[in-house]
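# Summary of structural features
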Amino acid sequence: MINKVVILGGGESGTGAAILAKAKGYEVFVSDSGQLKEKYKAELIHGSIEFEEGKHSEEKILNANLIIKSPGIPDKNDLIKKCKSKGIEIIDEIEFAFRFTNSKIIAITGTNGKTTTTLLTYHLLKSAGFNVALAGNVGESFGRKGGASEFDWSVLEVSSFQLDGTRTFRPNIGILLNITPDHLDRYEYKMENYINSKFQLIKNMTESDVFIYYLDDAVTCAEVKSKRLPGKPVFISL
């Protein structure tokens, strides 16, 4: 049983993960090298969640069973390397919340257009009368929503940084809008690494899941042709 959870980063995703972990009975410690926003600090205090700001106490962090890191912290960070060398599991808040959800998931990624498409998808489902949550990289974190288990559907905007920290995350519907060079400093300046990050979206899909992609995006289309796709592929095109 994992009981000591350390959360690196006390922003929206970190605070959301902390609230969820505390609710699930974990011993939680939040560590942020910068200063926490007052609203997040107040939430952690209200939830009796231990935290620190302006530093990382390595002894405490390296004693964790599980680390949930902010998407903004790269794998090449020295502290992350130390955690990995100790064999501590490191995941993202999206992955953590997914482990507790009963909601069906529509996850949307792409270099451009994620937020607009996510908001539109949420609006359409809500207008059609579905019990639907909006979370991820827009609005509230998936962790704050508690994995949105009381909802029928969760519409999530997910960035490549968030997808990097997933292990078992599996959307019922995954949407890939486009892939153009971006954040390449994070990916060793290799486009292939960035592409692989985006395709983490569909890694765990089963035959009952649907992968929607934009056929007119040259990078996506080339990658689709070279891969054996899990799930049911559905393309859209102009």
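Look up: the structure comes first, before these words.
Attention in this report is confined to the structure presented alongside it. Note that the coordinates shown come from a computational prediction; the quantities given were computed from them, not determined experimentally.

The rules we used
- Positions within a chain are numbered from 1, following the residues in the order the chain's sequence is written.
- Per-residue local features are limited, in this predicted model, to residues with pLDDT of at least 70; the limit for side-chain atom pairs, both in listing and counting, is 80 or more; totals at the level of whole chains, interfaces and linings are taken over all residues.
- Hydrogens and waters are ignored; side-chain quantities use all the structure's heavy atoms.
- A run of DSSP states H or I qualifies as a helix once it reaches four residues; a run of E qualifies as a strand once it reaches two. Both are numbered from the N-terminal end.
- With C-alpha atoms as the basis for the radius of gyration, the globule rule is written as 2.2 Å multiplied by the number of residues raised to the power 0.38.
- With a 1.4 Å probe rolled over the protein chains alone, any residue whose accessible area is under 20% of its type maximum counts as buried; one over 50% counts as exposed, and the rest are partly exposed.
- Note on contacts: a residue pair qualifies if any of its non-hydrogen atoms lie within 4.5 Å across the two residues.
- The protein chains shown are the only cover counted for residues, whose accessible areas, like all others here, come from Shrake-Rupley with a 1.4 Å probe.
- Ring geometry is summarised as follows: Phe, Tyr and Trp rings, the Trp one being its six-membered ring, pair when their centres sit within 6.5 Å, and such pairs are stacked at plane angles under 30 degrees, edge-to-face over 60 and tilted between the two.
- In this scheme, Lys NZ or Arg CZ marks a charge over a ring once it lies within 6 Å of the ring centre and within 35 degrees of the ring normal.
- Any pair of nitrogen or oxygen atoms within 3.5 Å is treated as a polar contact; in protein, a donor-acceptor pairing is required on top of that, and neighbouring residues in sequence qualify only through side-chain atoms on both sides.
- A fitted line through C-alpha atoms represents every axis, and for helices the fit uses only the stretch in contact; the resulting angles, taken between N-to-C directions, go from 0 to 180 degrees.
- We call two directions roughly parallel when the angle between them is under 35 degrees, roughly antiparallel when it is over 145, roughly perpendicular when it lies between 65 and 115, and oblique otherwise.
- Here the nonpolar group is Ala, Val, Leu, Ile, Met, Phe, Trp, Tyr, Cys and Pro; Asp, Glu, Lys and Arg are the charged ones; every other residue, Gly included, is treated as polar.
- Between any two strands, at least two bridges found by DSSP are needed for them to pair.

## Details of the overall build of the chain
The secondary structure content of the chain amounts to 9 helices and 11 strands. What you see for the chain is a C-alpha radius of gyration of 18 Å, in line with the 18 Å of a compact globule of 238 residues. For the chain, the C-alpha atoms occupy an extent of roughly 50 × 45 × 30 Å along the three principal directions. Looking at the chain residue by residue over its 238 residues, the buried ones come to 50%. The long-range share in the chain, meaning contacts at least 24 apart out of those at least 6 apart in sequence, stands at 60%. Entry remark: accessible area of the chain is about 11400 Å², with carbon and sulfur atoms responsible for 52%.

## Points about the packing of aromatic side chains
Counted under the stated rule, the structure contains 6 aromatic pairs. With a centroid separation of 5.4 Å and an interplanar angle of 75°, the aromatic rings of Phe98 and Phe169 are classed as edge-to-face. Here Phe98, found in helix H5 (residues 93-98), pairs with Phe169, found in the loop between helix H7 (160-164) and strand E9 (173-176); they are 71 residues apart in sequence, far enough to count as distant. Taken as a pair, Phe98 and Phe169 share a single burial class, namely buried. Considering the side-chain rings of Tyr213 and Phe235, the 6.4 Å spacing of their centres and the 50° angle between planes classify their relative orientation as tilted. Placement of the pair is Tyr213 in strand E10 (residues 210-214) and Phe235 in strand E11 (residues 232-236), with a sequence separation of 22 residues. You can call Tyr213 buried: its relative accessible area is 8%. One aromatic cluster in this structure is built from Phe199, Phe211, Tyr213 and Phe235. Just above the ring of Phe199 sits the side chain of Lys227; from NZ or CZ to the centre is 5.4 Å.

## Some words on unusual backbone geometry
In this model, Ser48 sits at a positive phi of 55°, which is unusual for a non-glycine residue. Here Ser48 shows up in the loop between helix H2 (38-46) and strand E3 (50-53).

## Points about the side chain of Thr166
Structurally, the position occupied by Thr166 is in the loop between H7 and E9. A polar atom in the side chain of Thr166 sits 2.7 Å from the backbone oxygen of Leu163. Among the polar contacts made by the side chain of Thr166, one reaches the side chain of Gln200 at a distance of 3.4 Å. Beyond its immediate chain neighbours, meaning those up to four positions away, Thr166 contacts Ile94, Glu95, Gln200 and Lys203.

## With respect to the packing of helix H1 (residues 12-23) against H2
In the contact formed by H1 and H2, the axes pass within 10 Å of each other and the chain directions differ by 10°. Considering the angle they form, H1 stands roughly parallel to H2. For the pair H1 and H2, contact is made by Glu12, Thr15, Ala18 and Ile19 and by Tyr40, Glu43 and Leu44, respectively. Classifying every residue of the contact of H1 with H2 gives 4 nonpolar, 1 polar and 2 charged.

## With respect to the sheet that holds E10
An order of E7-E8-E6-E9-E10-E11 is seen for the 6 strands of this open sheet, with the pairing classed as parallel. Bordering the open sheet on either side are strand E7 (132-136) and E11, each of which pairs with just one other strand. Averaged over neighbouring strand pairs, the angle between their axes works out to 20° when direction is ignored. Where strand E6 (residues 104-109) lies against strand E8 (residues 153-157), 5 bridges are found, and the strand directions are parallel. By the bridge assignment, Ala107 is partnered in E8 with Leu156.

## Things to note about the environment of Gly9
With respect to the element layout, Gly9 can be found in the loop between strand E1 (4-8) and H1. Along the chain, Gly9 and Glu58 lie 49 residues apart, while their C-alpha atoms are 14 Å from each other. Excluding its chain neighbours within four sequence positions, the residues that come into contact with Gly9 are Gly14, Val30, Ser31, Asp32 and Ser70.

## Some details on the sheet that holds strand E2 (residues 27-32)
If you trace the 5 strands from one edge of the open sheet to the other, you get E3-E2-E1-E4-E5, paired in parallel fashion. Looking at the sheet topology across the chains shown, the edges are occupied by E3 and strand E5 (89-91). Across this sheet, the average inter-strand angle for adjacent strands is 20°, counted without regard to direction. In this sheet, strand E4 (residues 66-69) lies alongside E1 in parallel orientation, the contact comprising 4 bridges. The residue bridging Ile7 from the neighbouring strand is Ile68, located in E4. Set on the sheet, H1 makes contact with E1, E2 and E4; between it and E2 the angle comes to about 170°.

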